[in-house]
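Here's the letter readout for the chains.
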Amino acid sequence: MRKKIMVLLTTLLFFGSALSAKTDYFDLGVTVGSRSHFFERGYDTSKLSLQYGLTMGLSDVYELDITATSQLVPSFFGDTSAQVLIQRSLLGFRNSGTEIAGMGFNMLLGAGVGFSTYNPYAKFSLTHLLVSFTPAVAGSPSLCKRERLLTFTLGINIYTQQVSLYLDILTDDFYFLGTYKDHQR
Amino acid sequence: MSMKKLVLVLLLLSSLNFLFARSFGYFVAQDGEKTSSNAYGGASFGLVLQPFQRSFLNPSLFVSLSMGTDMQSRFLLPAATMGVTIDLFRTMNHPFMFIAHNKIAYDPSVSVGMQLRFDDSTRPALYFGASPFKFSQPDFWYEFCSPFGTYSNKGWSWGVAIFRFTFLCL
């Protein structure tokens, strides 16, 4: 129950901050993708996981990504963790802030934290420091859709000092605010 | 050439249309499976043949090989599968246009087939699958969150393909 409340509060906080943002570069989208977690078998036994969440543009180059990761196999939604990342685009602006599409290809570098039960107390809490790199991003918020390919995220468990790897083969972002439609005159 | 002959030629050419449409391709999927005694996560690779372009109950044939790691992190080939997929219908009137930049058709499908399983003991199995979120362009199919199940003498297993991308190349 506490985990659900925490996720709900995080979501509400996120929506609140998103709605108060007034910059031309602000955008908001839904994230869905695959995720595999390696090298932390003592805690995470998942063989296939789904990630889902929200992505928000903070500026022309920075974005905030809040995602939940749920195990699908072997236990369907049997284990859920959360990740919060600030990411920066490496090949120019991520959103033009106008009706012009702008960059259609980019790369992302980010850092953040992870919340999970992967600690000796099995309590849902802050457990990971994260560094993330996405070598290929196709599309942009302006175009309403973006695909992130082969995202590598290194996680350091602050309880066990175990280094693990999150590999996201494919992540799709579907934007519903801050697209070219919102900038059409 | 008279109008009748012209119409006849056009009708003849259109009836041969399937010969020109791309009908053979390959796919890759990221999937996982839970069996009665183990679990696997990895990928599947396969070939498809879609001989017709029907709007309703359009069949296609597939063969695939799945591979991945089990709960003990051992690399395995859990199964080889061959079967038939039936696209129940194909429509352009659907609420999922945001999935792709181009216009895409929505064509959910069901599959049945036979498996040769290599996990535990080598044995045959029945295969059942569904793709409630399948979308297609003329030479590209997208499938998301497709559940499947198998039945063998070891009992039932179930799994899900998070995504499957099929490219028709010939």
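Since the model is a prediction, treat every value here as computed from it, not as a measurement.

Draft legend 1. Structural detail: the overall build of chain B. The helix and strand tally for chain B stands at two helices and ten strands. Counting only C-alpha atoms and orienting by the principal axes, one finds that chain B spans roughly 70 × 35 × 25 Å. For chain B, the residues scored as buried account for 42% of the 170 residues in total. A fraction of 51% describes how many contacts in chain B between residues 6 or more apart in sequence connect residues 24 or more apart. Each charge class in chain B was averaged separately, 13 positive and 9 negative side chains, and the resulting centres sit 11 Å apart.

Draft legend 2. View of the interface of chain B and chain A. Taken together, the 22 residues of chain B in the interface contact 18 residues of chain A. Around 1,600 Å² of area is buried between chain B and chain A when both sides are counted, 73% of it from carbon and sulfur atoms. Of all residues in chain B, B:Gln30, B:His101 and B:Ile162 give up the largest surface area on contact with chain A, accounting jointly for 30% of the area buried on that side. In this structure, the connection of chain B to chain A is made through zero salt bridges. At the surface where chain B touches chain A, the tally comes to four residue pairs in polar contact (both at pLDDT 80 or more). Looking at the side of chain B that touches chain A, the elements that each hand over two or more residues are strand E1 (24-34), strand E2 (39-49), strand E3 (56-70) and strand E10 (155-168) of chain B. Here the side of chain B that touches chain A is built from residues that sort into twelve nonpolar, six polar and four charged.

Draft legend 3. View of the pairing of E10(B). All names here are of chain B. Buried residues dominate E10, accounting for ten of its 14 residues. Two elements, E1 and E10, share ten bridges in a ladder whose sense is antiparallel. The residue bridging phenylalanine 27 from the neighbouring strand is threonine 166, located in E10. Pairing of strand E9 (residues 140-152) with E10, which is carried by twelve bridges, proceeds in the antiparallel orientation. From the neighbouring strand, threonine 150 faces E10, where its bridge partner is serine 157.

Draft legend 4. Structural detail: the pattern of salt bridges. Residue and element names in this part refer to chain A. Under the counting rule described, the total for this entry stands at 18 salt bridges over all chains. Measuring nitrogen to oxygen at the nearest pair gives 2.8 Å for the salt bridge that ties arginine 148 to aspartate 173. With arginine 148 in strand E7 (residues 145-157) and aspartate 173 in strand E8 (residues 163-177), this pair connects stretches of sequence that are 25 residues apart. Accessibility expressed as a relative area gives 6% for arginine 148, which makes it buried. Aspartate 173 gets classed as buried once you look at its relative accessible area, which sits at 0%. Salt bridges here are not isolated pairs; linked through shared partners, they connect Asp27, Glu63, Asp65, Arg94, Arg146, Arg148 and Asp173.

Reading guide: rules and limits
Residues numbered from 1 in each chain as written. Chains lettered and ligands numbered in written order. Predicted model: local features only at pLDDT ≥ 70, side-chain atom pairs only at ≥ 80, totals over all residues. Heavy atoms only, no water. Helix = DSSP H or I, 4+ residues; strand = E, 2+ residues; numbered from the N terminus. Buried < 20%, exposed > 50% of the residue type's maximum accessible area, 1.4 Å probe, protein only. Contact = heavy atoms within 4.5 Å. Lys, Arg positive; Asp, Glu negative; His and termini not counted. Charge placed at Lys NZ, Arg CZ, Asp CG, Glu CD. Buried area = accessible area lost by both parts, 1.4 Å probe. Salt bridge = Lys/Arg side-chain N within 4 Å of Asp/Glu carboxyl O. Polar contact = N/O pair within 3.5 Å; in protein donor to acceptor, adjacent residues only side chain to side chain. Nonpolar A, V, L, I, M, F, W, Y, C, P; charged D, E, K, R; others polar. Pairing = 2+ DSSP bridges.

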